[in-house]
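# Fold and contact review
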Amino acid sequence: MKPTSLLPQTQPDHDRSLFISMACALLGIGVLMVHSASITSWPTEFEQVYLSRHLTFLALAVVVSSIASMLPARFWYERAPLLFWGTVALLVLVLIPGIGTRVNGAQRWLRLGPVSLQPSELAKIALPLLTVRLMVQRRAFLNHWWKGTIPLLVPLLLVIPLVLKQPDLGTSLFLVGGVALALFLGGWPLRNFMIGLLCAIPAVGMLVALRPYQLKRITGFVDTWTNWQSAPYQLKQSLMALGAGGISGSGLGKGAQKLSFLPEANTDFVFSVAGEELGLIGTLGIAGLWIGLFLAGFNILRSQNQKSFAYVAGFTLLLQLVLQAIINVAVVTAMVPPKGISHPLISYGGTNLMVSLLSLGIIVSLTRAGTDESLQIDPALDQSDDPEPAIDRSVSSLPIDEALEDEECEDEECEDEECEDEEYEDEECEDEEYEDEEYEDEECEDEEYEDEECEDEECEDEECEDEEYEDEEYEDEEPEKE
């Protein structure tokens, strides 16, 4: 019996350890691939420090992720607005000329010496956290057509125009997808998704049509499968690298396409380098690690209530990481139009690596404690018109369970008072009935008394008649004597 009782306590720790192990395995493969993919046919001083910089970013990201994993879930709930507004401020700064750095026609980075920061990556964490927080606060209005729709979309409507201005259509669509995942997991009505989809399709079509280079990506993707000569250069080199790898690959560090043929070999197309050097076995191994990471993360999130802040926010961050990896693989294999999106935990990069590990740390943090009853997205818990969570300020310093017990005790006292009132009314009713009976008894006695008086009077009348009758007889007898 004792081992069985210990199983529910040790199982989450086992899943959490497995989750961290899968992440470490992906990080290890990422270090090898970044080092191998950074080698070119004309090495420069900048390319020689790729590995050292990647290890520096990795060490800093591990420290930040470890600290984040120790924080309670309520910390992320309370700090979500601060994280969001900080991200908005950085997105504004990056668009200011002279502050933001423009690379290949896109102004997306803030550089401080050798360190660069991409604010749009931080939005992948800030937007879901704030969206889920708003759902908790407005849980009583989730089905309302106005109060449950516009306030939840305000953060997204503030961030998307700033990201599109950089310009970065791919990241904008990814952010929209992340918020949509959070809303779906939180129980947002399906009618809102249908209306949003009908509005988003023409908007995206207009953005693509107004920017020729976006339209060229779509036509180039189609040409990859119809007209190989007109296919985009990076997709050609990516498919050639994957084909050259075969089943077992050419060997670690022995790939040829990375030697100045494959663009962005250590960032966006690092999976192609892995396919060439590790072969189909290596790419399937990476895919298996991602599946294991997802399943382990899902297992540790199952300990939370499915309508809680911890579950919805954690599962959204986990799905974002997995979907980003899937999209990157789909791009390098020409399954979707080309888009500059890196492979999380494997690609070279400072902000992307930091955000990916921070997301993992937040997931672990959200699953360390039990479900907080006050942070649930359940309309049944709040039926008032106040959009804030219905928390009694007088008992805010007490634990939630004690406050609920006090409320139950008050309800029981109220019921006891009502029962006493009902008993008192019953006693009054009995007293009234008793008085009525006494009153009726008195009336009956009075009537009997009157009946007796009447009988007495009748008796007197009869006596009087008898006397008169005797008198008459006496008068009749007198003449006879005469």
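In this text the structure is predicted, and so the values were computed from the model without any measurement.

Along its length, the chain carries 14 helices and 3 strands. Counting only residues that meet the buried cut, the chain has 39% of its 482 residues in that class. Within the chain, counting contacts between residues at least 6 apart in sequence, those at least 24 apart form 73% of the total. Total accessible area computed for the chain in this model is approximately 27300 Å², and 59% of it derives from carbon and sulfur atoms.

Moving on, we get to the side chain of glutamate 277. Relative to the helices and strands, glutamate 277 resides in helix H11 (residues 270-301). Its relative accessible area of 1% is what places glutamate 277 among the buried residues. Of note is the side chain of glutamate 277, whose polar atom sits 3.2 Å from the backbone nitrogen of glycine 255. Ignoring anything within four residues of it in the chain, the contact list for glutamate 277 reads Met33, Ser36, Ser248, Gly249, Ser250, Gly251, Leu252, Gly253, Lys254, Gly255 and Lys258.

Its 32 residues give H11 an end-to-end C-alpha distance of only 30 Å, which falls more than 12% under 46 Å, the value for a rise of 1.5 Å per residue. At leucine 278, H11 is bent by approximately 125°, the largest bend along its length.

Our next topic: the pairing of strand S2 (residues 106-112). Where burial is concerned, most of S2 is hidden: 5 out of the 7 residues are buried. One ladder, built from 4 bridges, connects strand S1 (residues 100-103) with S2; its direction is antiparallel. Within the sheet, the bridge partner assigned to arginine 102 lies in S2 and is glutamine 107. Joining the antiparallel neighbours S1 and S2 is a turn of 2 residues, in which asparagine 104 adopts a positive phi near 55°. Bridging between S2 and strand S3 (residues 115-117) involves 3 bridges; their strand directions are antiparallel. Looking at the pairing, leucine 110 lines up with leucine 117 of S3.

A contiguous nonpolar patch, built from Trp85, Trp145, Trp146, Ile150, Val154 and Leu158 and spanning about 670 Å² of accessible area, is present on the exposed surface. Ranked by the residues each element gives to the nonpolar patch, the list is headed by helix H6 (residues 150-164), at 3 residues. Relative to the assigned elements, tryptophan 85 resides in helix H4 (residues 73-94). The exposed category is assigned to tryptophan 85, whose relative accessible area is 51%.

In space, the 3 strands of this open sheet follow the order S1-S2-S3, with antiparallel pairing throughout. Among the strands making up the open sheet, the edge pair consists of S1 and S3. Adjacent strand axes in the sheet meet at a mean angle of 45°, parallel and antiparallel pairs treated alike. Lying over the sheet, H4 contacts S1, S2 and S3, oriented at roughly 105° with respect to S2.

In total, this model carries 4 salt bridges according to the counting rule given. The partner of arginine 79 in a salt bridge is glutamate 78, and the shortest N-O contact between them spans 3.5 Å. Linking lysine 124 and glutamate 121 is a salt bridge whose minimum nitrogen-to-oxygen distance equals 3.1 Å. Of this pair, lysine 124 and glutamate 121 both sit in helix H5 (residues 119-137), 3 residues apart, which is roughly one turn of the helix. Neither lysine 124 nor glutamate 121 differs from the other in exposure class; each is buried.

With that settled, the discussion passes to the nonpolar core. Counting 88 residues, the largest nonpolar core has Phe19, Val159, Trp290 and Phe309 as the members making the most contacts within it. Those residues in contact with phenylalanine 19 that sit more than four places away from it in its chain are Leu293, Ala296, Gly297, Ile300, Leu318, Leu360, Ile363 and Val364.

Take unusual backbone geometry next. A negative phi holds for most residues other than glycine; trans holds for most peptide bonds. In the segment running from glutamine 166 into proline 167, the intervening peptide bond is cis, with an omega of -5°. The residue proline 167 is located in the loop between H6 and helix H7 (169-185) in this model. Non-glycine residue alanine 334 carries a positive phi angle of around 60°. The topology assignment puts alanine 334 in the loop between helix H12 (309-332) and helix H13 (351-366). In this structure, leucine 345 is a non-glycine residue whose phi angle is positive, near 70°. Relative to the assigned elements, leucine 345 resides in the loop between H12 and H13. Residue leucine 345 is classed as buried on the basis of its relative accessible area of 1%.

Here we take up the packing of H5 against H12. Across the interface, H5 lies against H12 with an axial gap of 10 Å and an inter-helix angle of 150°. Our classification of the angle between H5 and H12 gives roughly antiparallel. As for how H5 packs across H12, the hand of that crossing is right-handed. The segment H5 lies against H12, with Lys124, Ile125, Pro128, Leu129, Val132, Arg133 and Val136 engaging Phe309, Val312, Ala313, Thr316, Leu317, Gln320 and Gln324.

Reading the values: rules and limits
- Residues numbered from 1 in each chain as written.
- Predicted model: local features only at pLDDT ≥ 70, side-chain atom pairs only at ≥ 80, totals over all residues.
- Heavy atoms only, no water.
- Helix = DSSP H or I, 4+ residues; strand = E, 2+ residues; numbered from the N terminus.
- Buried < 20%, exposed > 50% of the residue type's maximum accessible area, 1.4 Å probe, protein only.
- Contact = heavy atoms within 4.5 Å.
- Areas by Shrake-Rupley, 256 points an atom, 1.4 Å probe, with all protein chains shown as cover.
- Polar contact = N/O pair within 3.5 Å; in protein donor to acceptor, adjacent residues only side chain to side chain.
- Expected span 1.5 Å × (residues − 1).
- Bend = angle between axes of the 7 residues up to and from the residue.
- Pairing = 2+ DSSP bridges.
- Patch = residues over 30% accessible without salt bridge, like charges linked within 9 Å, V, L, I, M, F, W, Y side chains within 5 Å.
- Salt bridge = Lys/Arg side-chain N within 4 Å of Asp/Glu carboxyl O.
- Axes fitted to C-alpha atoms, helices over the stretch in contact; angles between N-to-C directions.
- Core = buried A, V, L, I, M, F, W, Y, C linked by side-chain atoms within 4.5 Å.
- Parallel < 35°, antiparallel > 145°, perpendicular 65-115°, else oblique.
- Left-handed = near helix turned anticlockwise from the far one by under 90°.

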